[in-house]
Each structure stands twice: as structure tokens, then as C-alpha cells.
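An overview of the molecular structure
So the chains spell out like this:
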Amino acid sequence: MTDLTASGFSACPACDAAPLAQRLADRADVAQGTVILSLPTAHCATCITDVETALTAHPGVRAARVNLTLRRVTVDAPGLNADDLIPVLAGVGYEAHELDPDALSATTADRQGRDLLMRIGVSGFAMMNIMILSVAVWSGAESATRDLFHWISGAIALPTVFFAGQPFFRSAWAAIRVGRLGMDVPISLALILASAISVYETMQSGHHAYFDAAAMLCFFLLIGRYLDHRTRAIARSAAAELTALEVPRATLLVDGAEQTVPVASLRPGDLIRIRPGARIPADGEITEGRSEIDRALLTGETLPVLAAPGQMLSAGEVNLTGPLTLRVTAAGRDSSLARLTALVEAAEAARGRYTSLAERASRLYSPSVHLMALCSFAGWIWATGDLRLAVNIAAAVLIVTCPCALGLAVPAVATAASGRLFRRGLLIKDGTALERLAEVDTVVFDKTGTLTLGRPTLVSADPLPTGLRPVARAMALASAHPLSAALAAALADHPAADLTDVTEHPGFGVSAHWRGRMIRLGRADWLGLADDEERPTSAAWLAVEGHAPVRLEFTDELRPGAADCVAMLRKAGLRVVLISGDRQAAVADLAARLGITDFHASVDPQGKEAMVADLAAGGARVLMVGDGLNDTAALARAHASISPASALDAARVASDMVLTGSDLVPVAEAVATARRATRRIQENFAISIAYNIVAVPLAVAGMVTPLIAALAMSLSSITVTLNALRLRD
């Protein structure tokens, strides 16, 4: 059984949110020397590769990971700062800034969306006017009349394409300037070619100009870019949601007076005032006041918890009912919220098998698409001698082969899945965990602290004579053992007797004298008694000289959702195994209550690891769910692993995911979500491949105009992203 008291954790994850985060901070999960930069122009898988390659090649940089959803890069570079790294990214054509929280705010995102909407409106208005003029041309206008309409159309279309196409042109120019071919280069080239060939046709009094196609191409490309922007915003990552909980200012108490100061200026030991309804800006300990705290966004707990002096609170929680005074223990980047955000970002930026496959495909894009367009142009010139037709076909090929859908196939799914699980109270530490979790077929549970809360309760005080209850309470208060704490809580309505010579005997119990008589509270064998090992309950004995020994029975409370979790896993076809170091009777009783037929008792830590290894050797993909030091080796050995927030530090370090709430149902939901995520990724790859198999030959064959190519490219990207968002249901 895990000694939760000795570890410094209670069995209630909601009560442990701040200590958990403090231990994360103490472990310094985010290494010193980490630099975080915003990347406002990053928008595709090629951007990820370019940025990471450039940074990792720079001396002093140990690792770099791009989070495309948040448009930021986290760089492990001890001794370097943002000023050293920004020029590196500028050298490969990417704008970068030292991370400013405002860059990730909804205000900035809305401003980007409004800019795209404005350009869509301009191009759409111009497109409709040009199409009205084109009606006359396509209806048979000749010579001077036709040329006039073409020139008027050009006067509208050329400024429109120049203005509305800025998002593509800027990105393309930044890439070309440093000798790189990004995804926006062929798009920009297609817009320029469509406009140039239209000007040429007009100057030559040609029968057809394509100013309407150029404007429509720009219009639909912008719609695709905006919808991509919106779907990314809808599929907000867990890291973005955590970042949104940050509070910029706090009310500092200085000699009793209140001052509003930036949270970054707070230091450990400062006293801050938290008003009712306010979000807590820093980690700390309550020194004054009582209230209720809403921890739903951090732990998944739906009910408020009572807050009183001495209790630890975490940044991001909400004070509901009463004013509180908090002594700061950590603030800013050292707060629990910042540390948890860093964990999620690291998970989202990690590379799995599917991510690597998508990136390799994206890296092949630029050379292959330009070569394909060039070959199409040369082939049609040779076959027809029609320059205009060859240019149009080459432009269509450039547009239709854009691998935006392939680039979104994995990130969109990973973001939607991690966001869904985070909202259900499951924090993903390892970005490859979803892939591995989807493969599991066997789930191994620990008992105490995992399927149960590790919080024993007294079954009944009836065996204890009324006259001895004050004595029992005083003895219980003298010990830190979990059973003693449960006994003291059960007898809280009784006064504590006056004892002398109180001595705790670690591993055995407590002895004392009361009214000249020897009293002992502890194990049966220590008292020279024989206990019934067949009983499923734990027991402590109270022996008072002159009285018959009293057996006090304790039971461990089931973790909320444990029965539903096991039932859901079994319904999904997974094998469920219970492995515990507890007594056979206690383990058998719990297994019967949960409907688990495969259980093992009295298993030591080495035995747990060996059993997990044996299952793996037999072909099983094991998910280990455990919380204690004795589970650490098994957690590390398993194919995937989950620990509750109440787990010891070593267990949380060894696990891939942390269950931040007390409910166990998210474990079963995580397996189901991981399987759905894998199917969505495979479906997205299939959509991307099918799109290219159909669209590319049609474009090369001259059956796709640049306008249709733009529509097809946008629809493929939107389809992939919307398919990923189905995970949110």
C-alpha cells in the first residue's frame, strides 16, 4: 500500500493540484535555458521542418520543437537568448519574436481573422464586378468593345490580386529570398501567371483574358486560408486553454495596503489578496479567509472544494465565495500553470510515427511539384504550341498539388484529441502516447491509490466502547499512519483523552499510558494477537490494560468511476488485470466488486514489472495504471502508462499521461479517443492520397483550370480538418 502521508500527498487529486505542480516545478521539467519564440508566419508542415532544421543546426541549440497550433517554437539552448536565435530564423525567411502572451490571445487571433476576412471581401467584390464585365465578352463582344472590357477588368483585378494576395506573396518572398521553396511559392506563382497571361491577352487583343479567374482564384484561396485559420482556432490545444487561464495582474499586500502589480513581479513570500470571483494568479498557501475553489479546468473536478488557512492553491483556479489572503510560493514561469502548460506543449510538439511520415512527404513537395509543373508546361508547349494553354495548365498543376491536406492530417487530429482529453481531466505528457495507447489490448491496474483512493475509512465505531473512544482518538492523533488518520476522523465528535509517555513505533503502532494503564494501538502481531487474514478489510487493534482488545476494521473507498471504467474497457474488448501488493482477501474482494476475474495479490515491485514484461513477451500491448513507488518499474515497462495526480513523483515521471481529476472514467475514454484518433489520421491520409491520385492527373491532362484547382485544394484541406474535429464530439 502506498504511504500517501509520507509522500506528502492526500488521496484527493483536487487537494493535491498545487503540491503536484509544485513538485513539477521543483523537478524543473522545463530545463533552464529554454527559449520560447512566437512564429506568426508559420502555417504548414514545411514550416515546422525549416524552423527546426535551422535552429538545431545553430551552435548551442540542443533541441527545437515547433507547435504549429500555437505558432511557437520551444528551443533548448542553454546560454542563448532570443536575440541569438531570432536572426537564425530570419536567415531562413521566418519572422520570430520573443514570446509575448498577447501574441497568443484571442484578440490577436481575431485580428488575424479579420484581416483575412477583409481580403476575402475585397477579392469577392472585385470578382463579382469582373464577372459582370465578362458576361459581355463571353456573349460575343468584338474588337474595341471586348478590349475595353478587358482593360476595365484588368484595372479592377490587378490591384485586387496585389492586395488580397499579400498573405501568399509575403510568405513566398520570404522563402525565395533565402533560397527556399515553401507551399506558398507555387500559389503565388499561379496568381502571377494568371494575371500576367491576362495582361498579355489584352495587349494582343486576344479573345479571352482571365482576370476573372485570377480574382476568383485569389478569393477561393483566401477562403481556404481563413477556414484553416478558423478550424485551428476551434481545435484549440490544451496548452492554449491553459495559457488562457493566466492572470496578468495581482493585488499585492504591502503593510496592509493593496497594490496592483504584474504577476511576473511577484516573489515567494509575497502576500496577495484574492477577491471572490477572481482567478488565482500564483501558487501559494492560504493564510487568511475561507472560501470555495473551482478547480474544474485544472483537475476536471465538477464540484467546488473548501479552501481554508494552510491549504495550497494553484494558479488558474477560481475563488468563488469569500476573500482570501495567499502567501505566494511560485509565480510567473515558475507557477504550476506554467509548468503544466510546458508539459502539454512538449507533448503536442513531439513527433510520432504518423507525424514523421507526413513531414517526410511534405519535404518532397517543393521540388516535385515544381518539376511536375515544368514538365506539364513543356509537354503542352511541345504538343500544341499554345503558350497560353501551357501556362494555364502549369498554374493549375502548381495549385492542385499543394500538400496542405497532408500537412494537416496529423496535427489537426493530435490537437483535437489532446484538447478533448485535457478537458476530461487527462494530461498527455508524451506526444507519442496517443499512438501507443491506440494499440493497447491489456490494461493492468494497481489497487491502492488507483482503483481505490488510498483513503481508508472506519467501517464502524460500534465495536469500540463509548468510554474508550476518547482514548482511541488521542492514540490516533499521535500517529501519522493512514489508518490512524481515518480513526481520528471517525471519532472527531469525541474529545481526546490525556495521555502520557506517548511513543510511536514505526511499522507497528503507538503506545502510551492512560490513568496508569498501558495502551497500544497497532498491528495484531505487535499486540500478540492472531488476526483473520481471510477478511477483506484492513484492521488496527486497540489494547487497553484491563479491557479486551478491540478490532477496528477499515475499508478503502473506491475511486469515482472505477466500476464504470473497468466496464467500459471490457466492453471495448480489452483484457483487464489487477495486480496488487495487498492481501489476497482484500484484492479478491475488490476484484469481485469491479467484475475483474484476472487478479494477483501480494506482488512486490519486481513482480509487477516481471508480470508486465511477461504479458508483453506474450504479445500483449499493456497499458499500466498505477500510482505508487512500487508501480514505477511496471509503468516504465508498459507500452503506455497513466498515473493519477495523487501519485508519487517517480510514478508521474515514469508515466505517459497524468489523470488530474479523481474520476477514473477518462482512462477508458482515453483508450477510445486514441483509437478514434488513429482512425482519423488514417482517414486523413487516405483523403490526401485519394485527392492527389484524382486531381494531379486531371490537372496535367489539362482538364482542371486554375480556378477549379484552387477550389479542390481548399476543399481537401477543409475536409481533413473537419474530419479531425469529429474527435471533439
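Starting from 1, residues in each chain are numbered consecutively following that chain's sequence as written. Totals for whole chains, interfaces and linings use every residue, but because this is a predicted model, local features are given only for residues with pLDDT of at least 70 and side-chain atom pairs only at 80 or more, for both listing and counting. No hydrogens and no water enter the side-chain calculation; it runs on all heavy atoms of the structure.

Details of the overall build of the protein chain
Each helix and strand counted, the protein chain has 28 helices and 26 strands in total. Within the protein chain, the proportion of its 729 residues that are buried is 54%. The contacts in the protein chain between residues at least 6 apart in sequence include a share of 68% that link residues at least 24 apart. All accessibility values rest on the Shrake-Rupley procedure with a 1.4 Å probe; residue burial counts only the protein chains present in the view. Accessible area of the protein chain: about 30300 Å², with a carbon and sulfur share of 60%. Helical segments are the DSSP runs of H or I of at least four residues, strand segments are the runs of E of at least two, and each set is numbered from the N terminus. Type-normalised accessible area, obtained with a 1.4 Å probe on protein chains alone, sets the label of each residue: buried when under 20%, exposed when over 50%, and partly exposed for intermediate values. Note on contacts: a residue pair qualifies if any of its non-hydrogen atoms lie within 4.5 Å across the two residues.

Considering the pattern of salt bridges
Think of a salt bridge as a Lys or Arg side-chain nitrogen and an Asp or Glu carboxyl oxygen that are within 4 Å of each other. Throughout the structure, instances matching the rule amount to 14 salt bridges. The residue glutamate 683 makes a salt bridge to arginine 680 at a minimum N-O spacing of 3.4 Å. One end of the pair, glutamate 683, and the other, arginine 680, are both in helix H27 (residues 665-700), three residues apart, so they sit about a helical turn from each other. Sharing partners across several salt bridges, the network here consists of Glu258, Arg273 and Arg275.

Some points on the pairing of strand E8 (residues 283-288)
The pairing of E8 with strand E13 (residues 324-330) spans five bridges and is classified as antiparallel. If you follow glycine 284 over to E13, its bridge partner there is valine 328. Strand direction decides the pairing type here: E8 and strand E11 (residues 312-313), joined by two bridges, are antiparallel. In the strand pairing of E11, glutamate 285 is matched with methionine 312. Pairing between strands requires that DSSP locate at least two bridges from one strand to the other.

Observations regarding the sheet that holds strand E14 (residues 426-428)
By definition, the strands of a sheet pair up through backbone hydrogen bonds, in either a parallel or an antiparallel sense. Pairing in this open sheet of seven strands is mixed, and the strands run E14-E26-E25-E24-E15-E22-E23 from one edge to the other. Of all the strands in the sheet, the pair left with one neighbour each is E14 and strand E23 (598-600). Here the average twist between neighbouring strands, direction ignored, is 20°. Pairing of strand E25 (residues 640-644) with strand E26 (residues 657-659), which is carried by three bridges, proceeds in the parallel orientation. When the bridges of E26 are listed, serine 643 appears paired with valine 658. A fitted line through C-alpha atoms represents every axis, and for helices the fit uses only the stretch in contact; the resulting angles, taken between N-to-C directions, go from 0 to 180 degrees. Taken strand by strand, helix H23 (residues 584-594) contacts strand E22 (575-579) and E23, and its axis lies near 160° from that of E23. Against the sheet, H27 touches E14, strand E24 (622-625), E25 and E26, its axis set at about 160° to E24.

Quick notes on the confidence of the model for the protein chain
Residues at a pLDDT of 70 or more form 79% of the protein chain, whose mean pLDDT is 77. When pLDDT is averaged over each helix and strand of the protein chain, the minimum, 33, is found for helix H1 (residues 4-7) and the maximum, 94, for strand E15 (residues 442-445). Taken as a whole, residues 234-238 scores under 50 in pLDDT and shows 21 contacts with residues more than four places along the chain or in a different chain. Residue-level confidence of the predictor, termed pLDDT, takes values from 0 up to 100.

A few points about the packing of aromatic side chains
Stacked, tilted and edge-to-face are the three classes applied to pairs of Phe, Tyr and Trp rings, where Trp contributes its six-membered ring and a pair requires centres within 6.5 Å; stacked means planes under 30 degrees apart, edge-to-face means over 60, and tilted covers the rest. Under the definition given, this model contains zero aromatic pairs. Over the ring of phenylalanine 163 we find arginine 119, and its NZ or CZ is 4.7 Å from the ring centre. Any Lys NZ or Arg CZ found within 6 Å of a ring centre and within 35 degrees of that ring's normal is scored as a charge over the ring. Lying across the ring of tryptophan 526, arginine 520 places its NZ or CZ 5.2 Å from the centre.

A short note on the side chain of asparagine 319
With respect to the element layout, asparagine 319 can be found in strand E12 (residues 318-319). Among the polar contacts made by the side chain of asparagine 319, one reaches the main-chain carbonyl oxygen of isoleucine 274 at a distance of 3.2 Å. A distance of 3.3 Å separates a polar side-chain atom of asparagine 319 from the backbone oxygen of arginine 275. Excluding its chain neighbours within four sequence positions, the residues that come into contact with asparagine 319 are Ile274, Arg275, Pro276, Gly277, Ala278, Ser291, Glu292, Ile293 and Leu324. Distance and chemistry together define a polar contact, namely a pair of N or O atoms within 3.5 Å, with one atom able to donate a hydrogen and the other to accept it when in protein, and with adjacent residues in sequence counting only for side-chain atoms on both sides.

Quick word on unusual backbone geometry
For aspartate 501, which is not a glycine, the phi torsion comes out positive at approximately 55°. As for its position among the elements, aspartate 501 is in strand E17 (residues 500-505). Backbone geometry at arginine 515 places phi at a positive 55°, although glycine is not the residue there. Examined against the element boundaries, arginine 515 turns out to sit in the loop between strand E18 (509-514) and strand E19 (517-522). Residue class for arginine 515 comes out exposed when judged on its relative accessible area of 68%.

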